[in-house]
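# Secondary and tertiary structure notes
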Amino acid sequence: MDPRLIGKYFGSKEGLFTEVVEVAYEKSMMRTPELNHEAAKALLTGEDQHATDGMLLTLRSVANPRAAAIMRDRLERNYQARLAEGLPGPDKTGRSALLIAICAGMMLNRTVLGSTVLNDGDVVKLIPYLHAALDAVADIQ
């Protein structure tokens, strides 16, 4: 890619990276607590390639302090804030951060570390447990 085009459209390489992060996090698998079952299924079966791509972007970039700051800012301002708005009860921001951490941990274990149990053909039986964990943090009765 021509560096002049990056400058023209994004201002800098950092601006381009910020836009990529924005796109990666805009289609999060967990948009509202009512979708916890779908999120649990996607986490365990790997059906959401967009979420996997976002996780891989995060892991590949986190060693750079500026990149980590950009990702944290976008995650907290956009994804975490939207998720918190949909939660009932107290401590919405903290619980939305926990939900994101659970999802990130699941994706890390399944896709990057290659957990044997989380990648076998029998993961469907684990969906109710992960769903219950997500509902517990989301405070869904």
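Quick note: structure is the one above.
A brief structural summary. Predicted, not measured: the structure shown is a model, and the values here were computed from it.

### Things to note about the overall build of the protein chain
- Broken down by element type, the protein chain carries seven helices and zero strands.
- Split into buried and exposed, the 141 residues of the protein chain put 35% on the buried side.
- Relative to all contacts within the protein chain whose residues are 6 or more apart in sequence, the contacts with residues 24 or more apart total 68%.
- When the accessible surface of the protein chain is summed, it comes to about 8200 Å², and 58% of that surface belongs to carbon and sulfur atoms.
- Here the protein chain contributes 16 positively and 18 negatively charged side chains, and the mean placements of these two sets differ by 7 Å.

### Description of the side chain of S61
- You can see S61 is positioned in helix α4 (residues 49-61).
- Setting aside chain neighbours within four positions, we find S61 in contact with F17, A67, A68 and M71.

### Details of helix α3 (residues 36-45)
- For α3, the full list of buried residues reads N36, A39, A40, A42, L43 and L44.
- As for α3, its buried residues are in contact with α6 (92-112) and α7 (127-138).
- At the exit of α3 stands G46, carrying a positive phi of roughly 75°.

### Describing the nonpolar core
- Residues L43, L44, L99, M106, L130 and L134 are the most contacted members of the largest nonpolar core, which totals 21 residues.
- Residue assignment for this core shows that the elements contributing at least two residues are α3, α4, α5 (65-85), α6 and α7.
- Not counting residues within four places of it along the chain, the set of residues in contact with M106 comprises L43, L44, L118 and L130.
- F17, A24, L57 and A67 belong to the second-largest nonpolar core, a separate cluster that totals seven residues.

### Structural notes on the pattern of salt bridges
- Within this structure, the stated rule accounts for five salt bridges.
- Ionic pairing is found between E47 and K41, a salt bridge with its closest N-O pair at 4.0 Å.
- For the salt bridge of K125 with D122, the shortest nitrogen-to-oxygen distance reads 3.2 Å.
- One salt-bridge network, held together by shared partners, links D73, R74 and R77.

### Focus: the environment of N119
- Position of N119 among the secondary structure elements: in the loop between α6 and α7.
- We classify N119 as partly exposed; its relative accessible area is 40%.
- Sequence spacing of N119 and L57 is 62 residues, and the spatial spacing of their C-alpha atoms is 21 Å.
- The contact partners of N119, leaving out residues within four places of it in the chain, are R110 and G114.
- At 2.8 Å, the side chain of N119 forms a polar contact with the backbone oxygen of R110.
- Here S115 takes part through its backbone oxygen, which lies 2.8 Å from a polar atom of the side chain of N119.

### Some details on the environment of H37
- By the element assignment, H37 lies in helix α3.
- The spatial distance from the C-alpha of H37 to the C-alpha of D135 is 8.7 Å, given a sequence separation of 98 residues.
- Setting aside anything within four residues of it in sequence, one finds H37 in contact with I127 and H131.

What counts and how
Residues numbered from 1 in each chain as written. Predicted model: local features only at pLDDT ≥ 70, side-chain atom pairs only at ≥ 80, totals over all residues. Heavy atoms only, no water. Helix = DSSP H or I, 4+ residues; strand = E, 2+ residues; numbered from the N terminus. Buried < 20%, exposed > 50% of the residue type's maximum accessible area, 1.4 Å probe, protein only. Contact = heavy atoms within 4.5 Å. Areas by Shrake-Rupley, 256 points an atom, 1.4 Å probe, with all protein chains shown as cover. Lys, Arg positive; Asp, Glu negative; His and termini not counted. Charge placed at Lys NZ, Arg CZ, Asp CG, Glu CD. Core = buried A, V, L, I, M, F, W, Y, C linked by side-chain atoms within 4.5 Å. Salt bridge = Lys/Arg side-chain N within 4 Å of Asp/Glu carboxyl O. Polar contact = N/O pair within 3.5 Å; in protein donor to acceptor, adjacent residues only side chain to side chain.

Purely geometric stuff here, so don't read any function into it on its own.
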